[in-house]
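# Residue-level structural notes
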Amino acid sequence: MLKLITFVAVLFAALIPLEQTDAAGASLKIYWSKPVPSGALLPSEALVLRDLTHSTDGSIVLHAAGGRSRLLLVGPDETRSGSVIHLRSKAGVLASKIAPGIDNTFWLGGRVNQRAYVPGGDIADAYLGRLDHQGRIIAEYTFKSSKFRMIQDLLSLPSGEVIVAGVDGNENWLGIVSDQGKLLWERRFGVGKGIALTTISDRIMAVAFERTTVNDKKRYQEDVAVWSFDQTGNMLARQIIRTGINENRGGHYGRLAIERSNDAIYVLSSWGDLFNAKPIEVTRLSVDGNLLWRKELLHSISQQTNKARTWGSCNQDQTVLADGDLLVACSIKDQIFISRLDAKGGDLTVTSVPLPACHESRPAALFLNQKLNGAIWLFGSRPGNNVGASCTWLGELSL
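Because the structure is predicted, anything quoted here is derived from the model rather than measured.

### Considerations on the packing of aromatic side chains
The tally for this structure, following the rule as stated, stands at 8 aromatic pairs. Taken together, a centroid distance of 5.4 Å and an interplanar angle of 90° make the contact between Phe209 and Trp271 edge-to-face. Placement of Phe209 in strand β17 (residues 203-214) and of Trp271 in strand β21 (residues 264-271) is noted, with a sequence separation of 62 residues between them. For Phe209, a relative accessible area of 0% translates into the label buried. Among the residues examined, Trp271 registers a relative accessible area of 1% and is labelled buried.

Printed below as a string of structure tokens:
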């Protein structure tokens, strides 16, 4: 049984240099919380959230892990984590992304058949599963590769087809799959260190990393770029929006996100290297690709007080509010920073609330959702790459 814990944590935000701070502060009301013990192997009652999406009727659907099981949590509310549906995918599937399809179905993307090729050089095949509303497998598809291929993001189309994106070896991989599992086309581009998708009208927008060389010494550098494709795979445009985010060819510490509003897109990028972290930068582009504004969230990295003087970076989630503003929640140390960026000019307001104590100051994976009544819900859980004691919870933000 789910143990319910209700409390209200309120913290008036302290002044953050170079950023506007809301003097009224913010608060986080926790509706329920469930402990996650330490260790890689979890008991069946422990829930770790992986992704958030919505069903065709608008209900929240959480992709989660419980013990050795993969779950969907449908319709979580103020009193419980939702109805539990056990996923029946094939053995060895590591799913990272879920998206609603047509006819009350879901697409599940990730990787399968991971095996060692050379030391430190695993290979894997991309996995795509189609589920009915009860979590039963309708079909499963594998896209084989002689490299490490996985799906990191996916979007369904009204036609029933699904856009898939991820990595294939050292490159990004993008394609469209039919509702019968046929790969209609595929493209490779950029540096395969992360990719995120959205659509604008009939265009596919992808944000990923791109390699460049600078100056006469041909110094290695990676930038953040936005690619635009039509739905037959023709590249329409490519635009660099952030230069020099990484200069280490072997580094894989980037985080990318892309969100669409009614009249623009927001692109978020950051780099979590312990010794060379880069804060979250938010770039707002018009639907035609014109730069409207950009803003760095300086509080999204923090230098550690250790001898190596390493950097901590945040686990963030974001959502576009009903008025078009962007809201970013960022967990770092024992705080959750809440950044609101005005759509028109990028004016930034930052508040913070305490990270629930059950995380023991470890990072939290965050998932934002604005409900139809305007309420802002925030889910928290243990990140997938962490094995420390933690918790999974739902709270409501008041800004």
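### As for the sheet that holds strand β10 (residues 123-131)
What the 4 strands build is an open sheet, ordered β8-β9-β10-β11; its pairing is antiparallel. At either margin of the open sheet sits one strand with a lone partner, and together these are β8 (94-100) and β11 (137-143). This sheet shows a mean twist of 20° between the axes of neighbouring strands, independent of strand direction. Bridging between β10 and β11 involves 6 bridges; their strand directions are antiparallel. Within β11, the position partnered with Leu128 by the bridge is Tyr141.

### Overview of the environment of Arg260
Secondary-structure assignment places Arg260 in strand β20 (residues 254-260). For Arg260 and Leu285, which are 25 residues apart along the polypeptide, the C-alpha to C-alpha distance reads 9.7 Å. The contacts of Arg260, once residues within four sequence positions are left out, are Thr198, Thr199, Ile200, Ile265 and Val320. Side-chain polar atoms of Arg260 contact the backbone oxygen of Thr199, separated by 2.6 Å.

### Digging into the side chain of Asp51
By secondary structure assignment, the location of Asp51 is in strand β4 (residues 47-54). Of the polar contacts made by the side chain of Asp51, one reaches the backbone nitrogen of Ile98; its length is 3.0 Å. Those residues in contact with Asp51 that lie beyond four places of it in its chain are Val61, Leu62, His63, Ser96, Lys97, Ile98 and Phe367.

### Here we look at unusual backbone geometry
A positive phi is found at Asn113, a non-glycine position, where the angle reads about 60°. Inspection of the secondary structure assignment puts Asn113 in strand β9 (residues 106-115). For Asn113, a relative accessible area of 36% corresponds to the partly exposed category. With phi around 65°, Ser361 is a residue other than glycine that occupies positive phi space.

### Some remarks on the pairing of strand β19 (residues 235-246)
Across 7 bridges, strand β18 (residues 219-229) lies against β19 in antiparallel orientation. Bridge pairing in β19 places Phe229 opposite Met235. The turn joining β18 and β19, which pair antiparallel and follow one another in sequence, is formed by 5 residues; a positive phi near 95° is taken by Gly233.

### Focus on the side chain of Asp230
Mapped onto the secondary structure, Asp230 falls in the loop between β18 and β19. As a buried residue without a salt bridge, Asp230 has its nearest oppositely charged side chain in Arg187, at a separation of 6.9 Å. Of note is the side chain of Asp230, whose polar atom sits 2.8 Å from the side chain of Thr232. Sequence-distant contacts of Asp230, defined by excluding residues within four places in its chain, comprise Trp185, Asp202, Ile204 and Leu236.

Conventions we followed
- Residues numbered from 1 in each chain as written.
- Predicted model: local features only at pLDDT ≥ 70, side-chain atom pairs only at ≥ 80, totals over all residues.
- Heavy atoms only, no water.
- Phe/Tyr/Trp six-rings, centres within 6.5 Å; stacked < 30°, edge-to-face > 60°.
- Helix = DSSP H or I, 4+ residues; strand = E, 2+ residues; numbered from the N terminus.
- Buried < 20%, exposed > 50% of the residue type's maximum accessible area, 1.4 Å probe, protein only.
- Pairing = 2+ DSSP bridges.
- Axes fitted to C-alpha atoms, helices over the stretch in contact; angles between N-to-C directions.
- Contact = heavy atoms within 4.5 Å.
- Polar contact = N/O pair within 3.5 Å; in protein donor to acceptor, adjacent residues only side chain to side chain.
- Lys, Arg positive; Asp, Glu negative; His and termini not counted.
- Salt bridge = Lys/Arg side-chain N within 4 Å of Asp/Glu carboxyl O.

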